[in-house]
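# Examination of the molecular architecture
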Amino acid sequence: MALAGIGRGSFAAVIPRYQTVLFIVLLAASVIMTVLLWRQLDRAHQRMLDGQNSAPTQAPLVAPAESATLMVASDADGALQPRILSLPLPSLEANPGARARAILGRLLDLYAAADSAHPVPGGAASVEQVFLLPEPAGDSSSGAAGNKNAQNGSELAVVNLSGSFAANHPSGIETETLTVLSICATLHANLPRVASVRFLVDGQQRDTLAGHADLTRTYLTSQAVPSEEVTP
Amino acid sequence: MRWSEPMAEGEGRRSRAFAFILLATTPMVALAQASPVQAPRYTVVLDAAHGGDDTGGHSGTPSGSQSQFWAEKDTTLALSARLRSLLAARGIAVVTTRDSDTNVDRVRRDELANHANAQACISLHASLSGTGVHLFTSSLAPSQPARLQPWSTAQGPWINRSLSFAGVLNSALQHAGLNVALGRTSLPVVDSMACPAVAIELSPEGGAANGSGQSGSGRSGIDSLNDADYQARVAEAIAAAIVEWRSPASGAGASQP
C-alpha cells in the first residue's frame, strides 16, 4: 500500500530537480543539433549543385579552334539558318558528349543575346549534359527509321536541359518548335552520326517544353534539317 | 399426342420469333421512311487551348495593370467563342472542348474531338512570339488507317487531309490580308486527333520584337492580341476557310481518311 501510495502521488516529486534540468538541456541540445545538421545538409547540397553548375560549359581555350555549324532559329521567318563559327572544342573521339554540349551551349548563348532573332533566356548553362548512345534497335517511337538507323550504327543524343531553361522559355508552338528543331539540326550538322534526339529536363522526362512542343517523343534529325540541307 | 406437344411448342417459338422480327424491323422501316435522305452532319471541333490554372503563355501579373497582363488561355477562349458564333450562323455544328475558364485534360479534349466524328478539328493557340497567324499540322508520318489506331498517333492516317485543310486555311487567311506561316510540329493534342486537324497560333499582327516587347509599329504585342478587330478578322477568315472546306470540291465531306 505504501508503494501504491507513492505511485499515485505526485510523480514529479520523485524526480530530482537536476534530472529535470538535464532533460530539458538535452532536449534543447537535440533540437539545436537537428537544426544545425539540417542547415549543413542544405549547404552541402547547394555546394554540390554549385559544383555542377561551375563545370566547364565551354571548351578550354587550349583546345584548337574548329568550325562548327549552328542551325540558328529566327522567329521572324520561322526558319533555321546555318551559321558557321570557329570555336575551341573538345576532341570528337575523346569526348563527343562534351563537344556536343559545347556546341549547343554556344547556340543557346546566341539565343540569350540581347539582339537575338529567337530570344530565349538561359545561355550555355542551360545544357546540363549531352549523352550519346547507340541507337536502340527497337525504338517504337522512331519506327522503321529507328531500326534502319540502328543498323547503320547511328547514335541517339539525349539532351538534358535545365529546369530554369524550360521554365523561362517563351511559350508558343512556333518558338518552342524552333528551339527543339534547331538543337536537333545543330547536333546533326556537327555530329552526323546523331540520327535521333530525346530531351530531358533536370534529368526527368517532361511532357512539353513550355506548354506546347512535345518532349516525350524521339525527334529524328533528318526531319529537323531544312529541306535545302537534305537535298544534295 | 406425344408428338403434338413438341410440334405445338415449335410453332410457338416460330410465331414468337416472327413477332420479334416484325417488332424489331418496324421502327427501322418507319425511321427510314421518315428521313429517307439524311445528309451527314457537318461538325467542326474547336479546341481552345489551356484554361483554368494552365494559363499557357502569359505576360505580366494578373494583379498588375490590366492592359499589361495577357494570358494565352483568354485569347484562345475569346477566339473560340467568336468562331463558334460565326460557324453556327452558317449552319455548321460546333463542338467546343471548353466554353469557360476551366482546365480540360488533354486526353478529354481528344476524346471530345474523336467522338464528334468531325470533318475539321482546330486547336487554337496564341503567342507573343513571331508575327501573324501560324498554321501547324502534325509532324507524324502519314500512315494507313487501321482498325485499332494507337491513341498517341491517331492523326497518322489523317495527315494528308490535315495538310489539305491547312492549305485551305492558308489561302483564306492570306486572302484576308493576314501574314501566315505554315509549319509542322509535334503537338500532343493534335497528334491524337482522328480528324483533319490543324493547330492555329495567333501572334501579334504587327510583330512583337520579343516575348513581351513592342512591335515594329510601336504597338505592343499584348494590345495586338487583345484587339477585337484583329481577332474578328482572323475568325472570319477561318470561318470562310471552313465553309470552303465543306464544299464538295474540297472533298471534306468524307469522314474517313
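Residues numbered from 1 in each chain as written. Chains lettered and ligands numbered in written order. Predicted model: local features only at pLDDT ≥ 70, side-chain atom pairs only at ≥ 80, totals over all residues. Heavy atoms only, no water.

### A few points about the packing of helix H2 (residues 72-89) of chain B against helix H7 (residues 228-246) of chain B
Residues and elements named next belong to chain B.
- Between H2 and H7, whose axes approach to 9 Å, the crossing angle comes to 50°. The angle between H2 and H7 places the two elements in the oblique class. With respect to the hand of their crossing, H2 and H7 are arranged in right-handed fashion. Where H2 abuts H7, its residues Thr75, Ala78, Leu79, Arg82, Leu83, Leu86 and Leu87 lie against Ala228, Gln231, Ala232, Ala235, Glu236, Ile238, Ala239 and Ile242.
- Of the residues in the contact of H2 with H7, the class split is eleven nonpolar, two polar and two charged. (Axes fitted to C-alpha atoms, helices over the stretch in contact; angles between N-to-C directions. Helix = DSSP H or I, 4+ residues; strand = E, 2+ residues; numbered from the N terminus. Parallel < 35°, antiparallel > 145°, perpendicular 65-115°, else oblique. Left-handed = near helix turned anticlockwise from the far one by under 90°. Contact = heavy atoms within 4.5 Å. Nonpolar A, V, L, I, M, F, W, Y, C, P; charged D, E, K, R; others polar.)

### Some words on the state of the cysteines
Residues and elements named next belong to chain B.
- Considering all chains together, one arrives at one disulfide over all chains under this definition.
- In this model, Cys121 is linked to Cys195 through a disulfide, with the two sulfur atoms separated by 2.0 Å. Judged by the sign of its S-S torsion, about -125°, the cystine formed by Cys121 and Cys195 is left-handed. Here Cys121 is found in strand S5 (residues 120-126), whereas its partner Cys195 is found in the loop between helix H5 (188-191) and strand S8 (197-202), with 74 residues between them in sequence.
- Judged by relative accessible area, which is 0%, Cys121 ranks as buried.
- The buried category is assigned to Cys195, whose relative accessible area is 0%. (Disulfide = S-S within 2.5 Å. Buried < 20%, exposed > 50% of the residue type's maximum accessible area, 1.4 Å probe, protein only.)

### A look at the sheet that holds strand S3 (residues 127-134) of chain A
All names here are of chain A.
- Spatial strand order, S3-S4-S5-S6: four strands in an open sheet with mixed pairing. Sheet topology places S3 and strand S6 (219-220) at the edges, where each strand pairs with a single neighbour.
- The pairing of S3 with strand S4 (residues 155-161) spans seven bridges and is classified as antiparallel. Pairing of Val130 across the sheet is with Val159, part of S4.
- Together, S3 and S4 form the strand contacts of helix H3 (residues 96-112), whose direction differs from that of S3 by roughly 135°.
- Of the strands in this sheet, S4, strand S5 (194-201) and S6 are in contact with helix H6 (residues 173-190), which crosses S5 at around 135°. (Pairing = 2+ DSSP bridges.)

### Examining the sheet that holds S5 of chain B
Residues and elements named next belong to chain B.
- One open sheet holds the six strands; their spatial order is S4-S1-S5-S8-S6-S7, and the pairing between them is mixed. Two strands in the sheet have a free side with no partner beyond their single neighbour: strand S4 (93-96) and strand S7 (180-185). Strand-to-strand twist across the sheet, computed as the mean angle between neighbouring axes with direction ignored, equals 25°.
- Across the sheet, H2 lies against strand S1 (43-48), S4, S5 and S8, angled at about 145° from S5, the strand it touches most.

### Let's talk about the confidence of the model for chain B
Residues and elements named next belong to chain B.
- Scored by pLDDT, chain B has a mean of 81; 73% of the residues are at 70 or more.
- For the stretch residues 22-37, pLDDT sits under 50, and the model shows zero contacts to residues farther than four places along the chain or on other chains.
- In this model residues 207-218 is a low-confidence stretch, pLDDT under 50, and it forms 25 contacts with partners more than four residues away in sequence or in other chains.
- If you check the scores for this complex, the pTM reads 0.74 and the ipTM reads 0.77. (pLDDT = per-residue confidence, 0-100.)

### Brief notes about the pairing of strand S6 (residues 133-138) of chain B
Residue and element names in this part refer to chain B.
- In terms of residue burial, S6 counts as a mostly covered element, since six of its six residues are buried.
- Looking at chain direction, S6 and S7 are connected through six bridges and run parallel. Each bridged residue has a counterpart across the sheet, and for Thr137 the counterpart in S7 is Arg184.
- As for the winding sense of the linkage, the β-α-β connection from S6 through helix H4 (residues 159-175) to S7 is right-handed. (Right-handed = clockwise from strand over helix to strand, strands pointing away.)

### Notes on the pattern of salt bridges
Residue and element names in this part refer to chain B.
- According to the stated counting rule, one finds eight salt bridges over all chains in the structure shown.
- Here Asp47 ties to Arg109 by a salt bridge, and the two come within 2.6 Å at their closest N and O atoms. A residue pair is termed long-range when its members are at least 10 positions apart, and Asp47 in strand S1 and Arg109 in helix H3 (residues 106-115) qualify at 62 residues.
- When salt bridges with common partners are traced through the structure, they connect Glu205, Asp229 and Arg233 into a single cluster. (Salt bridge = Lys/Arg side-chain N within 4 Å of Asp/Glu carboxyl O.)

### Description of the nonpolar core
- One finds Leu104, Val159, Val180, Leu187, Val197 and Phe199 of chain A to be the most contacted residues of the largest nonpolar core, which totals 42 residues.
- Secondary-structure elements contributing two or more residues to this core are strand S1 (65-74), strand S2 (79-88), H3, S3, S4, helix H5 (163-168), H6 and S5 of chain A.
- Ranked by the residues each element gives to this core, the list is headed by H3 of chain A, at eight residues.
- Not counting the four nearest positions on each side in its chain, Leu104 of chain A is found in contact with Val127, Val130, Val159, Ile183, Thr186 and Leu187 of chain A.
- Ranked by size, the runner-up nonpolar core spans 38 residues in total, among them Trp70, Leu135, Leu169 and Ala172 of chain B. (Core = buried A, V, L, I, M, F, W, Y, C linked by side-chain atoms within 4.5 Å.)

### Focus on the interface of chain A and chain B
- Between chain A and chain B, the contact holds 16 residues from the first and 19 residues from the second.
- When the area that chain A buries against chain B is broken down by residue, the three leading residues are Ile173, Glu174 and His212 of chain A, summing to 41%.
- At the junction of chain A with chain B, the criterion picks out eleven residue pairs in polar contact (both at pLDDT 80 or more).
- Per-element tally for the side of chain A that touches chain B: the top contributor is H6 of chain A, with four residues.
- Taken together, the residues of the side of chain A that touches chain B sort by class into five nonpolar, seven polar and four charged. (Buried area = accessible area lost by both parts, 1.4 Å probe. Polar contact = N/O pair within 3.5 Å; in protein donor to acceptor, adjacent residues only side chain to side chain.)

### Examining the side chain of Ser123 of chain B
- With respect to the helices and strands, Ser123 of chain B occurs in strand S5.
- Once residues within four sequence positions are removed from consideration, Ser123 of chain B is found in contact with Asp47, Val189, Val190, Val198, Ala199 and Ile200 of chain B.

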